[in-house]
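# Summary of structural features
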There are 2 protein chains.
Amino acid sequence: MNIQFREIVKKDLVEVWELLEQLKPISEIQPEGFIPDIDDAWTEFNSIGIVGLDGGKIIAFGSIVVENKIRGYRSCHLEDIVVDKEYRNIGIGKRLMEYINDKVLKNGCYRATLFCREGLIPFYEKTGYKVNSVVMKKWFDIKNI
Amino acid sequence: MNIQFREIVKKDLVEVWELLEQLKPISEIQPEGFIPDIDDAWTEFNSIGIVGLDGGKIIAFGSIVVENKIRGYRSCHLEDIVVDKEYRNIGIGKRLMEYINDKVLKNGCYRATLFCREGLIPFYEKTGYKVNSVVMKKWFDIKNI
């Protein structure tokens, strides 16, 4: 299957949002019925977004949050890695990760991290990642600020 | 002890670098003898840095990497949380985390994440964090790009 990868452009946004619903419905974060504003979301987005395309259709996404650290070097964190459920188990996730790893290196990051559930460890191991430490999360109620 | 917290300013940089050596020596990341450039590091730093001061001395640091997500909301990741070894076990870490948590909320982040080793779980639990998932890391050789 001839899947192409490239950086996201603004016209991809709505399709990427639809794809991300497969990863986590936005209703789990924002109030029911919330629709992001395209201009605001695009202007404020501060990561490197990567899309995978089957012809004109976006079937994969991932983002690289680059951190310019206080001591003058770069690290990054990967977020929102997803492959369309119609396109899973045929190696596209691995190719997406290879593309992302290449971008990480070209951006001069010495380290990339990601969170995942235990079932995905074997997948990410195939792309060079190793289990490292514990992730802790805290949720904030942003509706009343 | 009257510890004050505030956002980092440029003149704090060298003291913060010295403090971060207690967390991870920069020689583990950069070639031996590397000294970051103050102007470059300050200009490129893209997180919110928080310092804790005992009078004029910087004795704590932490940074908040804010991610403006592709769907138009904000998340963040905490990095480089450290308290000077001469000031540990007297509640400063907890106060630093309270200050950071307040900043996270004021910045409209729905979620903050951090990585830690297992021994630090009880500490972060006291500040509202819960163990969530697995962290995986990949190291990149940036010396040859």
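Scroll up to find the structure this text is about.
Structural notes, computed from the coordinates. (Residues numbered from 1 in each chain as written. Chains lettered and ligands numbered in written order. Predicted model: local features only at pLDDT ≥ 70, side-chain atom pairs only at ≥ 80, totals over all residues.)

### Looking at the overall build of chain A
On a plain count of helices and strands, chain A comes out with four helices and six strands. When the helices and strands of chain A are listed from N to C terminus, the series reads β-α-α-β-β-β-α-β-α-β. Relative to the 2.2 N^0.38 estimate, which gives 15 Å for 145 residues, the radius of gyration of chain A is 16 Å and therefore close to what a compact globule would have. Referenced to the eigenvectors of the C-alpha coordinate spread, the extents of chain A come out at roughly 40 × 40 × 30 Å. In chain A, once contacts between residues fewer than 6 apart in sequence are set aside, the share between residues at least 24 apart is 63%. (Helix = DSSP H or I, 4+ residues; strand = E, 2+ residues; numbered from the N terminus. Rg over C-alpha atoms; globule rule 2.2 N^0.38 Å. Contact = placed C-beta atoms within 7 Å.)

### Remarks on the relation of the copies chain A and chain B
Placing chain A over chain B gives an RMSD of 0.0 Å and needs a rotation angle of 180°, together with 0.0 Å of translation along the axis. With respect to symmetry, the two chain copies, as superposed, fit the operation of a two-fold axis. When the interface residues of chain A are mapped onto chain B, 100% of them are again interface residues, pointing to one common binding face. (Least-squares fit on C-alpha atoms with pLDDT ≥ 70 in both.)

### Looking at the sheet that holds strand E1 (residues 3–7) of chain A
Sheet architecture is open: 12 strands sit in the order E1(A)-E2(A)-E3(A)-E4(A)-E5(A)-E6(B)-E6(A)-E5(B)-E4(B)-E3(B)-E2(B)-E1(B), paired in mixed fashion. Each having just a single partner strand, E1 of chain A together with strand E1 (3–7) of chain B make up the two edges of the open sheet. When the angles between neighbouring strand axes are averaged without regard to direction, this sheet yields 25°. With five bridges connecting them, strand E6 (residues 130–139) of chain A and strand E6 (residues 130–139) of chain B associate as antiparallel partners. Of the residues in E6(B), the one forming a bridge with Met136(A) is Val131(B). (Pairing = 2+ DSSP bridges. Axes fitted to C-alpha atoms, helices over the stretch in contact; angles between N-to-C directions.)

### Regarding the interface of chain A and chain B
Facing the 58 residues of chain A at the interface are 58 residues of chain B. Put simply, the parts of the chain that give the side of chain A that touches chain B at least two residues each are helix H1 (13–20), helix H2 (38–44), strand E3 (57–68), strand E4 (74–83), helix H3 (92–106), strand E5 (109–116), helix H4 (121–126) and E6 of chain A. The element best represented in the side of chain A that touches chain B is E6(A), accounting for 10 residues. For the side of chain A that touches chain B, the per-class residue count stands at 30 nonpolar, 14 polar and 14 charged. Here E5(A) runs beside E6(B); their pairing, made up of six bridges, is antiparallel. Looking at E6(B), one finds that Cys116(A) is bridged to Val134(B). (Nonpolar A, V, L, I, M, F, W, Y, C, P; charged D, E, K, R; others polar.)

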